[in-house]
Amino acid sequence: MSAAEGKPKAKTTGVKRKKQTGAGADTLDGDRGNVQKRRGLFAKDLKVIMYGYGDAEQPLPATVDLVEDIVVDYVTVMMHKAMDASMKRGKLDTEDLVQLVRKDPQKFGRVKELLVADSEIKAAKKSFEEDEEIEKGVVKAVAAKSDAPEP
C-alpha cells in the first residue's frame with residue numbers, strides 16, 4: 001500500500017522548523033522571521049505565569065525557553081490561520097481570531113471577556129478625555145471673562 005492510496009497524513013502545525021544547531025537556535029523557515037531575535041521577549045511574563053500555575057519561583061531557563069517557543073509557535077499559527085480566513089476581506093480583524101477559538105468554550109469565553117474589558121477601558125478613556133476638554137474650556141472661559149475690561 002503506497003502513501004497515496006490510504007495512509008492518513010500526519011497533522012502539522014503549519015510552522016516549518018530547522019534543525020537545532022547550538023543552544024536555543026530555533027528558527028522559523030521562510031519569510032516568517034527569526035525566533036532567535038525574539039528569544040526572551042516573553043521570558044519575564046512567562047516566569048510569573050509559570051509561578052502562578054505552580055512552577056518554581058525561578059524556573060529553569062530551559063523550561064522558560066521551551067514554553068516561550070510553544071507560545072510563539074501557537075500565536076504564529078493562529079495569526080496565520082486568521083490571516084488566511086481574512087484574505088477575502090483583505091483585512092485582519094478581531095472577529096477572525098474569535099472565529100478560530102469559537103469551538104473551545106474556555107478560550108472563547110476568555111476572548112469575549114477581554115474584548116468587553118477592552119471596550120470598557122476605551123469608553124472610560126474617552127470619557128476622561130472629554131472631561132478634561134470640558135474642564136479646559138471652562139478654565140479658558142473664566143480666564144477670558146476676567147481679562148475682559150469692565151464697562
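Quick summary incoming for the structure in this document. Just so it is clear, the structure is predicted and the values come from calculations on it, not from any experiment.

Calculation notes
- Residues numbered from 1 in each chain as written.
- Predicted model: local features only at pLDDT ≥ 70, side-chain atom pairs only at ≥ 80, totals over all residues.
- Heavy atoms only, no water.
- Helix = DSSP H or I, 4+ residues; strand = E, 2+ residues; numbered from the N terminus.
- Buried < 20%, exposed > 50% of the residue type's maximum accessible area, 1.4 Å probe, protein only.
- Contact = heavy atoms within 4.5 Å.
- Areas by Shrake-Rupley, 256 points an atom, 1.4 Å probe, with all protein chains shown as cover.
- Axes fitted to C-alpha atoms, helices over the stretch in contact; angles between N-to-C directions.
- Parallel < 35°, antiparallel > 145°, perpendicular 65-115°, else oblique.
- Left-handed = near helix turned anticlockwise from the far one by under 90°.
- Nonpolar A, V, L, I, M, F, W, Y, C, P; charged D, E, K, R; others polar.
- Expected span 1.5 Å × (residues − 1).

The next point concerns the overall build of the protein chain. Counting its secondary structure elements, the protein chain contains five helices and zero strands. For the protein chain, the sequential pattern of α-helices and β-strands runs α-α-α-α-α. A burial count over the protein chain gives 16% of its 151 residues as buried. Sequence-distant contacts, at least 24 apart, represent 26% of the contacts inside the protein chain between residues at least 6 apart. Counting only carbon and sulfur atoms, one obtains 58% of the accessible surface of the protein chain, whose full area is about 12,600 Å².

Next up on the list: the packing of helix α3 (residues 61-85) against helix α4 (residues 94-101). The N-to-C vectors of α3 and α4 enclose an angle of 115°; their axes lie 9 Å apart at closest approach. By the angle between their directions, the pair α3 and α4 is classed as roughly perpendicular. In this structure, α3 crosses over α4, and the sense of that crossing is right-handed. Contacts between α3 and α4 involve Met 78, Met 79, Lys 81 and Ala 82 from the first element and Asp 96, Leu 97, Leu 100 and Val 101 from the second. Within the contact of α3 with α4, the residues separate by chemical class into six nonpolar, no polar and two charged.

For α3, which comprises 25 residues, the first-to-last C-alpha distance of 36 Å matches the rise-based estimate of 36 Å (1.5 Å per residue) to within 8%. Buried residues of α3: Val 64, Glu 68, Asp 69, Val 72, Asp 73, Thr 76, Val 77, Met 78, His 80 and Ala 82, and no others.

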